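Architecture and fold: a report
Letter by letter, the chains look like this.
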Amino acid sequence: MLLLVGCSGSSPPGNPPATSPSLIFSTYLGGSQPCLGCTTARTFGQNAASDAAGNTYVTGATEAADLPVTNQTSLAPGATLAAFVAKYDPFGKLLWCTYLGGNGKSMGTGVAVTPLGGVAVVGITNSAGAARFPTTPNAYQSQNAGSTDYFVSVYDASGNLLYSTYLGGSGDEGDNTFSDDNSNGNNIAVDAQGLVYITGTTNSGGGGGGAKFPVTSNALQSDMHGPTDAILAIINPATSGASSLVYSSFLGGAKNEKGHGVAVDPTGSLIVVVGYTDSDDFPVTPNAFRQTHPASGWTSNGFITEFKSDTPGSLSSSYSMTYSTYLGGKTSAARDDAYAVTLTPAGTIVATGRTESADFFTPVLPVPSIYNTAPDPKATSRNDQPYIVKIDPTLSCTASLVYGTFLGGGSTTGGGGAFCTGVVVDAAGSTYVGGETDSTGVLYQYSSSPAVAPELFPYTSDALRTSLQGSFDAIFMQVSPDGGTLTYSTFLGGTDSDRAYGMAVDALGNVAVSGLTFSSNFPTVNAWQPKPNNLSTGKENAFVAKFGRGTVRYPPP
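Residues numbered from 1 in each chain as written. Predicted model: local features only at pLDDT ≥ 70, side-chain atom pairs only at ≥ 80, totals over all residues. Heavy atoms only, no water.

1. With respect to the overall build of the protein
Basically, it comes down to this: Helical segments are the DSSP runs of H or I of at least four residues, strand segments are the runs of E of at least two, and each set is numbered from the N terminus. With the radius of gyration taken over C-alpha atoms, the globule rule is written as 2.2 Å times the number of residues to the power 0.38. When a residue's accessible area, from a 1.4 Å probe over protein chains only, is under 20% of the maximum for its type it is buried; when over 50% it is exposed; and in between it is partly exposed. When checking whether two residues touch, look at their non-hydrogen atoms; a contact exists if any pair is within 4.5 Å.
Helix and strand content of the protein: zero helices and 32 strands. What you see for the protein is a C-alpha radius of gyration of 22 Å, in line with the 24 Å of a compact globule of 557 residues. C-alpha atoms of the protein, sized along the principal axes, occupy 60 × 50 × 50 Å. Of all 557 residues assigned to the protein, the portion counted as buried reaches 63%. The contacts of the protein with a sequence gap of at least 6 include a subset with a gap of at least 24, amounting to 71%.

Spelled out as structure tokens, the structure:
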């Protein structure tokens, strides 16, 4: 039973800055030869994961026929875009890499480690027919049901495929353009039992005789309510066929939703989904930070929704919605999104995304913040800036906001902007976010009282890069456990465009960042691939970088 409590709270004490992060390794990942039917050999990263031994996993997609694969020697016949999965050791050595896809297009969008040392991957594919996406005999769904379906694939620690399935209805699942900037957070998570949780979006409502996105009998929302809805699905790769889909449900109101990120506690009892909504009737709970939608004419809000499973892994488990809130501005000018989420060991929710809403945190609340207000720009000239919120879902209304802060870099004059699509929290409680900016920089100055967010991207004096290097740069930021201090912030890129999408943290507090780069001089350290191989065939490559603090030592394997 959910206990609703009062709307008051206190600020946690301040925290000293941490030691500056530094690069353990940073590398390109890509090929040089376009696949048959491809005009470029581009490769891009979409998300990252880290295991207990400090290994780093990355997924994304490629048009290169000569990616350094070890587990599959060539692209599937007819492939014009293939997902990939790669594993690096703690210091950046490539351990294995594999293509993942059939004919047509496939793209990995999320990756998470499994409790036995393997990795689970989610993505989208339009592969069908004889050269379809590779599925295993224990798959829930062995054929593509629509134009674009999700896939879920699970590997062991050596890169052997253990489980692989389609998941979808007769419409489109995910972004059917297969864009390299689909702005997902990590839309997959795995609990301690090995259950796989995914979120995303679908327009497969089953109308006109089409196949509905598969839902289970215990779904909280059995039918699609708008043109597109978010989804939450849980798969048990240790079982087969229909029994491997443990839970599946729509999530949404009468307009549009997209699930960008998902997190789960180790037991599988608490599951959090974040994303985007423009529905006036998105389902919210009485204890929400904000129950009401913005004023008429609004563009979007983020949402944070937590579910509870009373018997994780059981096909008969009952699910309840324990906390669900709109997140963003309240006026008709609201334009906000929640991209990424993580759960702390204490069960608090930490999320990031982008906002153009100057009233995101108003009325101003007595909670810790780096920047608690933003300039109030005209709706036609504002640009995105990132934010972080920390939510305690056991508390109610404004008391549930432990801290909330703008992160700066959102111009009011149509200049630069910034947003974040990755978030992790280390064992000491520091929060890290990653994303991108085309804003020039301004030196961060600590303030004992929350300040107005700058219209330039704030970097710290110990940054790896203290200025914008190209048209877009990736960004990497660290925030103190209490949410009141920017303890590290840097540009990360070369003289062209660079974007960070995925983040992961290991047990020692080292943070992996993955994304894409068009730069021939992206900063590399201890690189497995120190240079791009495709300067004449597309320039775009994935990158994988890992930040640590001080001397990095890992336990023996």
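2. With respect to the sheet that holds strand E11 (residues 196–202)
Basically, it comes down to this: Should DSSP find at least two bridges between two strands, the strands are taken to pair. For helices, the fitted axis covers only the stretch in contact; all axes are lines through C-alpha atoms, and the angles between them, taken along N-to-C directions, range from 0 to 180 degrees.
The antiparallel open sheet is built from four strands, whose spatial order is E10-E11-E12-E13. Whereas interior strands pair on both sides, the edge strands pair on one side only; in this sheet they are strand E10 (188–190) and strand E13 (245–251). Strand after strand, the sheet turns through a mean of 15° between neighbouring axes, direction not considered. With seven bridges joining them, E11 and strand E12 (residues 229–235) adopt antiparallel strand pairing. By the bridge assignment for E12, Thr202 is matched with Asp229.

3. Points about the sheet that holds strand E1 (residues 22–29)
Sheet strands pair by backbone hydrogen bonding; their relative direction is either parallel or antiparallel. A sheet is described by the order of its strands in space; here four strands give the open sequence E1-E32-E31-E30, paired in antiparallel fashion. Every other strand in the sheet has two partners, leaving E1 and strand E30 (498–505) as the edge strands with one partner each. Each strand axis lies, on average, 20° off the axis of its neighbour in the sheet, ignoring direction. One ladder, built from seven bridges, connects E30 with strand E31 (residues 511–517); its direction is antiparallel. Pairing of Gly502 across the sheet is with Ser514, part of E31.

4. A closer look at unusual backbone geometry
With glycine set apart, most residues show a phi of negative sign, and most peptide bonds adopt trans. The residue Phe178 is not glycine, and still its phi comes out positive at about 55°. When you line up the elements, Phe178 lands in the loop between strand E9 (161–167) and E10.

5. Quick notes on the environment of Gln529
Short version of the rule: As used in this structure description, the phrase polar contact means that two N or O atoms lie within 3.5 Å; if the pair is within protein, one of them must be able to donate a hydrogen and the other to accept it, and residues adjacent in sequence are counted only when both atoms belong to side chains.
Tracing the backbone through its elements, the reader meets Gln529 in the loop between E31 and strand E32 (541–548). Overall, the relative accessible area of 6% leaves Gln529 in the buried class. Note: C-alpha distance between Gln529 and Gly268 (261 residues apart in sequence) is 38 Å. Apart from the residues lying within four places of it in its own chain, the contact partners of Gln529 are Thr27, Tyr28, Leu29, Gly30 and Asn541. Engagement of the side chain of Gln529 in a polar contact is seen with the backbone nitrogen of Gly30, the distance being 3.1 Å.

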